[in-house]
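Residues per chain, in single letters:
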Amino acid sequence: MKLHSTILGEGQPILILHGFLGMSDNWKTLGNEFSEAGYQVHLIDQRNHGRSPHSEVFNYTELAKDVKEYIENYSLKNVILIGHSMGGKTAMTAAALFPHLIEKLVVVDISPKYYAPHHQQILKGLKAVDDATLSSRGDADEVMAQYVPEKAVRMFLLKNLYWKQKERLGLRLNLDVLTREIEELGQSLPADYTFSKPSLFIKGEKSNYITSEDEGLIKKHFPKATLSVVSRAGHWVHAENKKGFYEQVMKFLSF
């Protein structure tokens with residue numbers, strides 16, 4: 001699985017993994033900031049997302065193996081791994097399975113626990129978009145609005161649109177597999193998975209993805225973890241308070 005990526009700058013490598021239905025482009029602004037601070041940033045599309053290959057297999061073990069293969073293909077050392085939501089679960093799994101490849105771990109607004117599927121309405125909307133004959137992004141937004149009322153969420157999701165052919169829009173997502181394997185998305189980290197190097201878990205102040213009850217579980221899997229809260233941010237922490245997020249990550253990396 002040769003993952004697509006955008007590589008920015010030179011220095012110690014930072015690998016960034018997007019969330020479910022996202023893509024590497026979502027992180028371009030922050031990626032540029034990290035690269036300007038002296039890091040080589042790898043913005044990665046995970047399998048079945050963005051420009052990376054599609055596969056019938058979709059689970060965190062395979063997603064983590066993709067990361068391992070990527071690190072080895074580029075001969076990267078002392079990797080800092082950052083993952084948001086689904087990407088955070090991938091990052092946790094990769095750190096636990098391949099700790100020799102990872103120096104530090106940053107997990108954004110997700111904990112190791114099980115989450116019940118909750119993206120069904122969004123997936124229905126994307127399916128409606130995929131099935132429709134669309135000639136503009138405005139047409140796609142009109143279809144999506146019947147399923148997802150929040151404009152900001154629709155704008156995020158519709159970044160997956162591309163011109164498949166002249167006057168024919170398509171989605172970069174492997175929608176069939178992602179819909180079929182939706183139960184895999186919320187799977188908990190296996191009980192015996194641990195990573196004993198420095199880890200930072202970042203929670204959005206207005207998000208309920210990480211609760212105070214999760215702290216014990218986080219420490220069980222990641223004994224050197226610290227938990228920080230970014231103010232004025234929900235689940236999309238890095239987008240909703242970019243400055244606060246950047247400052248907390250840089251502070252963690254400086255130690």
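For every chain, the first residue of its written sequence is number 1, and the numbers climb from 1 along that sequence. Whole-chain, interface and lining totals are the exception, using all residues; otherwise, since this is a predicted model, local features are given only for residues with pLDDT of at least 70 and side-chain atom pairs are given and counted only at 80 or more. Values shown for side chains rest on all heavy atoms present in the structure; no hydrogens or waters enter the calculation.

Asks: Residue-level account of the overall build of the chain, with values.
Replies: Scanning the chain from N- to C-terminus turns up eleven helices and nine strands. We take the radius of gyration over the C-alpha atoms and set the globule estimate at 2.2 Å times the residue count to the 0.38 power. For 255 residues, the compact-globule estimate of 2.2 N^0.38 gives 18 Å, and the chain sits close to it at 18 Å. The dimensions of the chain, computed from C-alpha atoms along their principal axes, are 50 × 40 × 35 Å. Under the scheme applied here, a residue whose accessible area is under 20% of the maximum for its type counts as buried, over 50% as exposed, and between as partly exposed, the area being computed with a 1.4 Å probe on protein chains only. Looking at the 255 residues of the chain, the share that counts as buried comes to 55%. When contacts within the chain are restricted to residue pairs at least 6 apart in sequence, long-range pairs at least 24 apart make up 76% of them. Surface accessibility in these figures is a Shrake-Rupley result with a 1.4 Å probe; residues are shielded only by whichever protein chains are displayed. Here the chain has roughly 11400 Å² of accessible surface; of this, 51% comes from carbon and sulfur atoms. Side-chain charges of the chain comprise 31 positive and 30 negative groups, with the mean position of each set lying 3 Å from the other. For the purposes of this entry, the term helix denotes a DSSP run of H or I that reaches at least four residues, the term strand denotes a run of E that reaches at least two, and both are numbered from the N terminus. Whether two residues are in contact is decided by their heavy atoms: any pair within 4.5 Å suffices. In this tally, Asp and Glu contribute negative charge and Lys and Arg positive charge; neither His nor the terminal groups of the chain are included. By convention, the charge on Lys lies at NZ, on Arg at CZ, on Asp at CG and on Glu at CD.

Asks: How would you summarise the pattern of salt bridges if you had to cite specific residues and measurements?
Replies: Salt bridge, as used here: a side-chain nitrogen of Lys or Arg that lies within 4 Å of a carboxyl oxygen of Asp or Glu. In total, this model carries twelve salt bridges according to the counting rule given. Across the pair Glu56 and Arg180 runs a salt bridge whose closest N-O atoms are separated by 2.9 Å. Of the two residues, Glu56 sits in the loop between strand 3 (39-44) and helix 2 (60-73) while Arg180 sits in helix 7 (residues 175-180), which places them 124 residues apart along the sequence. Judged by its relative accessible area of 47%, Arg180 falls in the partly exposed class. The residue Lys243 makes a salt bridge to Glu247 at a minimum N-O spacing of 2.8 Å. With a gap of four residues between them, Lys243 and Glu247 both fall in helix 11 (residues 242-253), about one helical turn apart. Because the salt bridges share partners, they merge into one network encompassing Arg47, Glu62, Lys65 and Asp66.

Asks: Summarise helix 1 (residues 28-36); cite the residues concerned and give the values.
Replies: Those residues of helix 1 not exposed but buried are Leu30, Gly31, Phe34 and Ser35. The buried residues of helix 1 occupy an angular sector of 140° when projected down its axis, which confines them to one face. Of the surrounding secondary structure, the elements contacted by the buried residues of helix 1 are strand 1 (5-8), strand 2 (12-17), strand 3, strand 4 (79-84), helix 10 (237-240) and helix 11. Where helix 1 terminates, the next one or two residues include Gly38, which has phi positive at roughly 105°. By arc we mean the arc of the directions from the helix axis to the C-beta atoms, nothing more.

Asks: Let's hear about the environment of Ala94: which residues, and what values?
Replies: Examined against the element boundaries, Ala94 turns out to sit in helix 3 (residues 86-97). Residue classification places Ala94 among the buried residues on the basis of a relative accessible area of 2%. Taking the C-alpha atoms as reference points, Ala94 and Phe195, separated by 101 residues in sequence, lie 9.5 Å from one another.

Asks: Describe the pairing of strand 4, listing the residues and the values that go with them.
Replies: Regular strands show a simple pattern: their side chains alternate between the two faces of the sheet. Extensive coverage of strand 4 is indicated by the burial of six of its six residues. Paired strands are those between which DSSP finds at least two bridges. Bridge count between strand 4 and strand 5 (residues 102-108): six bridges; the pairing is parallel. Following the sheet pairing, Leu81 is matched in strand 5 by Leu105. Orient the strands so they point away from the viewer, and a crossover whose first-strand-to-second-strand path over the helix runs clockwise is right-handed. For the handedness criterion, the β-α-β arrangement of strand 4, helix 3 and strand 5 is classed as right-handed.

Asks: Report on the sheet that holds strand 3, specifying residues and quantitative values.
Replies: The sheet built from seven strands is open, its strands ordered 1-3-2-4-5-8-9 with mixed pairing. Unpaired on one side and paired on the other, strand 1 and strand 9 (225-230) mark the two borders of the sheet. Along the sheet, successive strands turn relative to each other by an average axial angle of 20°, direction set aside. Across the face of the sheet, helix 2 comes into contact with strand 1, strand 2, strand 3, strand 4 and strand 5 while running at roughly 150° to strand 2. The angle between two axes is taken between their N-to-C directions and runs from 0 to 180 degrees, where each axis is a line fitted to C-alpha atoms and a helix contributes only its stretch in contact.

Asks: So what's going on with the packing of aromatic side chains? Residues and values would help.
Replies: Note on aromatic pairs: the rings of Phe, Tyr and Trp (six-membered ring only in Trp) are paired at centre separations within 6.5 Å, and the planes decide the class, stacked below 30 degrees, edge-to-face beyond 60, tilted for the rest. Here the structure, examined in full by the defined rule, presents six aromatic pairs. A ring is considered to have a charge above it if a Lys NZ or an Arg CZ atom is located within 6 Å of its centre and within 35 degrees of its normal. Positioned above the aromatic ring of Phe252 is the side chain of Lys104, whose terminal nitrogen or guanidinium carbon lies 5.2 Å from the ring centre. A cation sits over an aromatic face here: Arg172 above Tyr162, 4.3 Å from the ring centre.

Asks: So what's going on with the packing of helix 4 (residues 120-131) against helix 5 (residues 137-145)? Which residues, and what values?
Replies: Helix packing for two helices is described by the angle between their axes and how far apart those axes are. Two elements in contact, helix 4 and helix 5, have axes whose closest approach is 8 Å; the angle formed by their N-to-C orientations is 140°. It follows that helix 4 is oblique to helix 5 by the angle criterion. Relative to helix 5, the crossing made by helix 4 is right-handed. In this structure, helix 4 uses Ile122, Gly125, Leu126, Ala128 and Val129 to contact helix 5, whose residues at the interface are Ala140, Val143 and Met144. Of the residues in the contact of helix 4 with helix 5, the class split is seven nonpolar, one polar and no charged. Oblique is the label for any angle not under 35 degrees, not over 145, and not in the 65 to 115 range, which are roughly parallel, roughly antiparallel and roughly perpendicular in turn. Crossing chirality is assigned from the near helix's rotation relative to the far helix, an anticlockwise turn below a right angle marking it left-handed and a clockwise turn marking it right-handed. Here the term charged refers only to Asp, Glu, Lys and Arg, the term nonpolar to Ala, Val, Leu, Ile, Met, Phe, Trp, Tyr, Cys and Pro, and the term polar to all other amino acids, Gly among them.

Geometric descriptors of this kind do not, in isolation, establish any biological role.
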